[in-house]
Amino acid sequence: PAGYGKTTTMVSRIAYLYCTGKIPNPRKVLGLTFSVNAAFKIKSDVSSKLPDLIGDKDNPIGVSDKVTVTNYHGFCKQILKKYGYLESPFLKKDLNLFRAIGKYELMKDSKIIQRSVEANDFLIKMENKIQESTLPSQEEISRYLGIVYKLLLPYDLVTHTAIILGALRLLWKYDSVRKFYGKYYSLIVVDEFQDTNCIAWELLKVIICNNTQLLFL
């Protein structure tokens, strides 16, 4: 709940690990939230509180700004920005330029996917399945992404779910990508962990390795 000092706990933990040398570089810290607003607030708190805890002697310029704090979709967009071209040429384009849609838009307009009501219905079925906390099979995920990549991306449309599933499949499919993220982040902080849905949890499991330190808030 708000006001229980979760952000203070997180900042204190980062400061301790950094000052004791267990995090050699603040860039090795990843903070994940569900909303853009939550990410912004936590980033602001880190920027204002972390320098005081670390102290001037151990505080290189901009250390707090090097900590990555983003929501799940923002993190997945970063992955797709770097490696999305491996899956679709349309992912060479910045995903922030696409219109992101959800189940409501798919239900409201059954023709949002041109010439394929069946494809539209499948996307809605998948959205419902994830909402019910059931992780789709890899075959279902491949079909879902195939529809999005072929029938939505060319029209500058993408679903919110496809952003996470697209990054997840890249991590599943390419060992080098998975190993890079698994080794890169020494500490992963998850805000409002109790609200983590099944695909976000699967994403977390893929980027966690044996040496990853975790802090669930």
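Look above for the structure.
Presented here is a report on the structure given in the accompanying data block. (Residues numbered from 1 in each chain as written. Predicted model: local features only at pLDDT ≥ 70, side-chain atom pairs only at ≥ 80, totals over all residues. Heavy atoms only, no water.)

So, the overall build of the protein
Stage number 1. Along the protein, the regular secondary structure elements total nine helices and six strands.
Stage number 2. In the protein, once contacts between residues fewer than 6 apart in sequence are set aside, the share between residues at least 24 apart is 72%.
Stage number 3. Surface summary for the protein: the accessible area is close to 11400 Å², and the carbon and sulfur share equals 52%. (Helix = DSSP H or I, 4+ residues; strand = E, 2+ residues; numbered from the N terminus. Contact = heavy atoms within 4.5 Å. Areas by Shrake-Rupley, 256 points an atom, 1.4 Å probe, with all protein chains shown as cover.)

Concerning the nonpolar core
Stage number 1. Ranked by size, the top nonpolar core spans 49 residues in total, and within it Phe 75, Tyr 144, Val 148 and Tyr 181 carry the most contacts.
Stage number 2. The element best represented in this core is helix α7 (residues 160–173), accounting for eight residues.
Stage number 3. Of all hydrophobic cores here, the second largest spans 17 residues; its members include Val 11, Ile 23, Ala 39 and Val 189. (Core = buried A, V, L, I, M, F, W, Y, C linked by side-chain atoms within 4.5 Å. Buried < 20%, exposed > 50% of the residue type's maximum accessible area, 1.4 Å probe, protein only.)

Digging into the sheet that holds strand β5 (residues 187–190)
Stage number 1. The four strands lie next to each other as β2-β1-β5-β6, forming an open sheet whose pairing is parallel. In this open sheet, the two strands that pair with only one neighbour each are β2 (68–71) and β6 (213–216). Each strand axis lies, on average, 15° off the axis of its neighbour in the sheet, ignoring direction.
Stage number 2. Note that strand β1 (residues 29–33) and β2 share four bridges and pair parallel. Counterpart to Thr 33 in the pairing with β2 is Asn 71.
Stage number 3. Packing against the sheet, helix α1 (residues 6–19) makes contact with β1, β5 and β6, and its axis sits at approximately 165° to β6.
Stage number 4. Across the sheet, helix α9 (residues 198–207) is in contact with β1, β5 and β6; its angle to β5 comes to roughly 170°. (Pairing = 2+ DSSP bridges. Axes fitted to C-alpha atoms, helices over the stretch in contact; angles between N-to-C directions.)

A closer look at α1
Stage number 1. For α1, which comprises 14 residues, the first-to-last C-alpha distance of 20 Å matches the rise-based estimate of 20 Å (1.5 Å per residue) to within 8%.
Stage number 2. Within α1, burial applies to Lys 6, Thr 7, Met 10, Val 11, Ile 14, Ala 15, Leu 17 and Tyr 18.
Stage number 3. The first or second residue beyond α1 is Gly 21, which carries a positive phi of 80°. (Expected span 1.5 Å × (residues − 1).)

Concerning unusual backbone geometry
Stage number 1. Phi at Ser 133 takes a positive value of approximately 65°, unusual for a residue other than glycine.
Stage number 2. For Ser 133, the location among the structural elements is in the loop between α5 (117–131) and α6 (138–152).
Stage number 3. Phi at Asp 156 is positive, roughly 60°, even though this residue is not glycine.
Stage number 4. One can find Asp 156 in the loop between α6 and β4 (157–159).

Notes on the pattern of salt bridges
Stage number 1. Inspection of the entire model under this criterion finds seven salt bridges.
Stage number 2. The partner of Asp 156 in a salt bridge is Lys 93, with the nearest N and O atoms 2.8 Å apart. Remark: Lys 93 occurs in the loop between α3 (72–83) and β3 (99–101) and Asp 156 occurs in the loop between α6 and β4; sequence separation between them is 63 residues.
Stage number 3. Judged by its relative accessible area of 34%, Asp 156 falls in the partly exposed class.
Stage number 4. Look at Lys 93 and you get partly exposed, because its relative accessible area is 33%.
Stage number 5. Salt bridges sharing partners connect three or more residues here, namely Glu 87, Arg 169 and Lys 173. (Salt bridge = Lys/Arg side-chain N within 4 Å of Asp/Glu carboxyl O.)

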